[in-house]
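Coordinate analysis (summary)
Each chain is listed here by its residues.
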Amino acid sequence: MPIPLQARGSVAGTLPLLGDGSAMSAGAERRLGDRIARELYRDPDFIDDPVLTDYVQGIWLPLLAAARARGDLTPELDERFAWRIVLGRDRSVNAFALPGGYFGVHLGLLAVVSSRDELASVLGHELSHVTQRHISRLISKNEKQTPWMIGAMILGALAASKSPEAGNAMIVGGQALSAQSQLNFSRDMEREADRVGFGVMTQAGFEAQGFVGMFDKLQQAARLNDSGAYPYLRSHPLTTERIADMQSRLPLGAPHSVDVAPTATHAMLTARARVLANPGADALRGWQAQADNLAPAQALAQQAGTLYGAAMAASRLRDAAQARKQYAQLQKVVGDEPEARRQMRWLGLEIELAARDRSRPQVLALGVDVGLDLNSPADGSAASLRRPDLLLQAQIATQAGRDAVLDKVAQNLQVWLVSQPQDALVWQWLASIYAAQNQSLRALRAEAEARVAQLDYAGAIDRLKAAQDRLQRAGASNASADYIDASIIDTRRRQIEALFKEQALEN
């Protein structure tokens, strides 16, 4: 029986929407999503690369803002759901939406898109699957399955996309076919996610051609008899109706197919995704051959991408001299565009941090060279720093080992965490800073918060217990500052133990 269409009276326009119609509450869907996300964070392929995460977030946040402005993202869902993207170190071209506002993006997808607009089209589509409650309606269709079994089945389907053996091992009480069906949307749902996603991405300021360009890539892959590198095609099959619908939404007279020339920024980040997705020594050496065979006739953006990948690969092979040589070539081909130069400087700092791990004065000076002046007094400017800046600062500070530098970086990280309390990697670096300052209680608490951010409540409780044990061993000689830390640790342990009990009951 087809799901009836209904109109929604909002600034989203007059698009026919499938409506909510979900028997699964937002709270129940979020709890199911948390259960799945907890396993994804434990997956060895999970990756939090600050540079790529910053790039994806720069596309994702405008899409969320547009969905709110259009009325697609309701205040209830906005508050209850996670709206978090999880990157996976997987070379296959895939992205997927999960219950509760979690989204997965494989590095293979980042490696093939030609522009921010193409990536925005995929993220906008997946975002719309969640705002339109497609996932909860699919789950509600099969009321015989308990939420924990559905979660296990979805995890099994995700694992099976990489390894059939691993997928079958993760599926509890079901078959791979049943698990895959939990991720496959109906044709009506796919068309609706296209229409809503198109509106979201264009309102967010991205070019409409990006949607059609991404469809062209997927259609070409389908014609080549997809061999598994494009699992996105299996969970989101293309139809002639979907393609025609998107093409009809382009402005009058706009070409339906345009070869997009990547910018230098995009070319460099595509190269980064490829290096991280395939970190084997042979693949890393292959970048050197590409850099050696650069043709002068190649576009400068393409040359920038190749040299970026080669310099990064050389650094990972611990060949500092080669990395610096290719970085010097990269500096000559990157133009004056500020974002491209920022990306280049971040890479240069990574190379030097990897090469100068015992040269503290040089590392500290390097921070000034790339605009991360850690000698200047803290003045609240941390709020304007981007995440890669903060995390590079943390690495410089731990290598420099100066108290004033450590204090400033700790302040900057704390400012970031006020608005981003679920940032596990920043919590972990804050723990490292505290450890370097011999502030063991604060270090253990920061480690606990890092585990909370990845839904590992048992691990968080373990860290807080270790902090309490340290306090008991220290006896009554603690300063008032330790007393304050102890009170915070006691309170957080009670809060997290309550979350852990809820988690255990759901399982």
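Just so it is clear, the structure is predicted and the values come from calculations on it, not from any experiment. (Residues numbered from 1 in each chain as written. Predicted model: local features only at pLDDT ≥ 70, side-chain atom pairs only at ≥ 80, totals over all residues. Heavy atoms only, no water.)

What to know about the overall build of the protein
Per the secondary structure count, the protein includes 25 helices and six strands. Per-residue burial for the protein yields a buried fraction of 51% across its 507 residues. Considering only intrachain contacts with a sequence separation of at least 6, the fraction spanning at least 24 residues in the protein is 69%. About 22900 Å² of surface is accessible on the protein, with carbon and sulfur atoms providing 51% of the total. (Helix = DSSP H or I, 4+ residues; strand = E, 2+ residues; numbered from the N terminus. Buried < 20%, exposed > 50% of the residue type's maximum accessible area, 1.4 Å probe, protein only. Contact = heavy atoms within 4.5 Å. Areas by Shrake-Rupley, 256 points an atom, 1.4 Å probe, with all protein chains shown as cover.)

A look at the packing of aromatic side chains
To describe a pair of aromatic rings, you give the distance between the ring centres and the angle between the ring planes. Throughout the structure, instances matching the rule amount to six aromatic pairs. Ring centres of Tyr41 and Phe46 lie 5.2 Å apart, and the angle between their planes is 85 degrees; this geometry places the pair in the edge-to-face category. Residue classification places Tyr41 among the buried residues on the basis of a relative accessible area of 11%. A network of ring pairs unites the aromatic residues Trp60, Phe81, Trp83 and Phe103 as a single cluster. (Phe/Tyr/Trp six-rings, centres within 6.5 Å; stacked < 30°, edge-to-face > 60°.)

Comments concerning the sheet that holds strand E3 (residues 46–47)
Taken in spatial order, the four strands of this open sheet run E3-E4-E6-E5, and their pairing is mixed. Of all the strands in the sheet, just E3 and strand E5 (95–98) have a single pairing partner and so form its edges. The pairing of E5 with strand E6 (residues 102–106) spans four bridges and is classified as antiparallel. The residue of E6 that forms the bridge with Leu98 is Tyr102. (Pairing = 2+ DSSP bridges.)

Quick look at the packing of helix H16 (residues 300–316) against helix H17 (residues 320–333)
As a packed pair, H16 and H17 sit with axes 8 Å apart at the nearest point and diverge in direction by 160 degrees. Judged by the angle between their axes, H16 and H17 are roughly antiparallel. Between H16 and H17 lies a crossing of left-handed hand. Touching Leu300, Gln303, Ala304, Leu307, Tyr308, Ala310, Ala311, Ala314 and Ser315 of H16 are Gln322, Ala323, Gln326, Tyr327, Gln329, Leu330 and Val333, all from H17. Residue classes in the contact of H16 with H17 are distributed as eleven nonpolar, five polar and no charged. (Axes fitted to C-alpha atoms, helices over the stretch in contact; angles between N-to-C directions. Parallel < 35°, antiparallel > 145°, perpendicular 65-115°, else oblique. Left-handed = near helix turned anticlockwise from the far one by under 90°. Nonpolar A, V, L, I, M, F, W, Y, C, P; charged D, E, K, R; others polar.)

Brief notes about the pattern of salt bridges
A complete count under the given rule lists 26 salt bridges for this structure. Across the salt bridge formed by Arg272 and Asp49, the nearest N and O atoms sit 2.8 Å from each other. Of the two residues, Arg272 is situated in helix H14 (residues 264–277) and Asp49 in the loop between E3 and helix H2 (50–70); the sequence distance between them amounts to 223 residues. The exposure classification of Arg272 matches that of Asp49, with both residues buried. Through salt bridges with shared partners, a single ionic network connects Asp54, Glu339, Arg342 and Arg386. (Salt bridge = Lys/Arg side-chain N within 4 Å of Asp/Glu carboxyl O.)

A look at unusual backbone geometry
Although it is not a glycine, Arg318 adopts a positive phi angle of roughly 65 degrees. Mapped onto the elements of the fold, Arg318 is located in the loop between H16 and H17. Residue Arg318 is classed as exposed on the basis of its relative accessible area of 77%. Phi at Leu455 takes a positive value of approximately 65 degrees, unusual for a residue other than glycine. Tracing the backbone shows Leu455 in the loop between helix H23 (440–453) and helix H24 (457–474).

Here we look at the pairing of E5
Alternating positions in E5 separate into two faces, Ala95 and Ala97 on one and Phe96 and Leu98 on the other, with burial throughout. Linking two consecutive strands that pair antiparallel, namely E5 and E6, is a turn of three residues; a positive phi of about 80 degrees is found at Gly100 within it.

Let's talk about a nonpolar patch on the surface
Taken together, Tyr483, Ile484 and Ile488 make up a surface patch of nonpolar side chains, about 320 Å² in accessible area. Counting through the fold element by element, Ile488 comes out in helix H25 (residues 480–506). (Patch = residues over 30% accessible without salt bridge, like charges linked within 9 Å, V, L, I, M, F, W, Y side chains within 5 Å.)

Remarks on the nonpolar core
Trp83 and Leu330 are the most contacted members of the largest nonpolar core, which has 116 residues in total. It is H2 that contributes the most residues to this core, ten residues altogether. In this structure, Ala394, Ala410, Leu413 and Val426 belong to the second largest nonpolar core, which totals 21 residues. (Core = buried A, V, L, I, M, F, W, Y, C linked by side-chain atoms within 4.5 Å.)

Section: the confidence of the model for the protein
When pLDDT is averaged along the protein, the result is 82, and 78% of the positions lie at 70 or above. Here strand E1 (residues 6–7) stands out as the element of the protein with the lowest mean pLDDT, 29, in contrast to H2, whose mean of 98 is the highest. For the stretch residues 164–183, pLDDT sits under 50, and the model shows 31 contacts to residues farther than four places along the chain or on other chains. Note that residues 376–380 has pLDDT below 50 and, in this model, four contacts with residues that lie over four places away or in other chains. (pLDDT = per-residue confidence, 0-100.)

Observations concerning the environment of Arg285
Turning to its location among the elements, Arg285 is positioned in helix H15 (residues 281–292). A residue is classified by how much of its surface remains accessible, and Arg285, at 49% relative accessible area, is partly exposed. Residues Arg285 and Leu317, 32 residues apart in the sequence, show an inter-C-alpha distance of 8.2 Å.

So, helix H13 (residues 240–248)
When we look at burial in H13, the residues that qualify are Arg242, Ile243, Asp245 and Met246. Viewed along the axis of H13, the buried residues span an arc of 160 degrees, placing them on a single side of the element. Facing away from the buried side of H13, by more than 90 degrees, are the exposed residues Thr240 and Ser248. As for H13, its buried residues are in contact with helix H5 (116–131), helix H10 (187–203) and helix H11 (209–223). (Arc of directions from axis to C-beta.)

Examining the packing of helix H21 (residues 403–419) against helix H22 (residues 424–436)
Orientation of H21 relative to H22, taken along the N-to-C sense of each, is 155 degrees, at an axis distance of 10 Å. Classified by the angle between their axes, H21 and H22 sit roughly antiparallel to one another. Classified by chirality, the crossing of H22 by H21 is left-handed. Listed contacts from H22 to Leu406, Val409, Ala410, Leu413, Gln414, Trp416 and Leu417 of H21 are Val426, Trp427, Trp429, Leu430, Ile433, Tyr434 and Ala436. Of the residues in the contact of H21 with H22, the class split is 13 nonpolar, one polar and no charged.

Points about the pairing of strand E4 (residues 84–88)
Across the five residues of E4, five count as buried, placing the element largely inside the fold. Burial of E4 is two-sided: the residues Arg84, Val86 and Gly88 facing one way and the residues Ile85 and Leu87 facing the other way are all buried. In this structure, E3 lies alongside E4, joined through two bridges in antiparallel fashion. The residue bridging Ile47 from the neighbouring strand is Leu87, located in E4.

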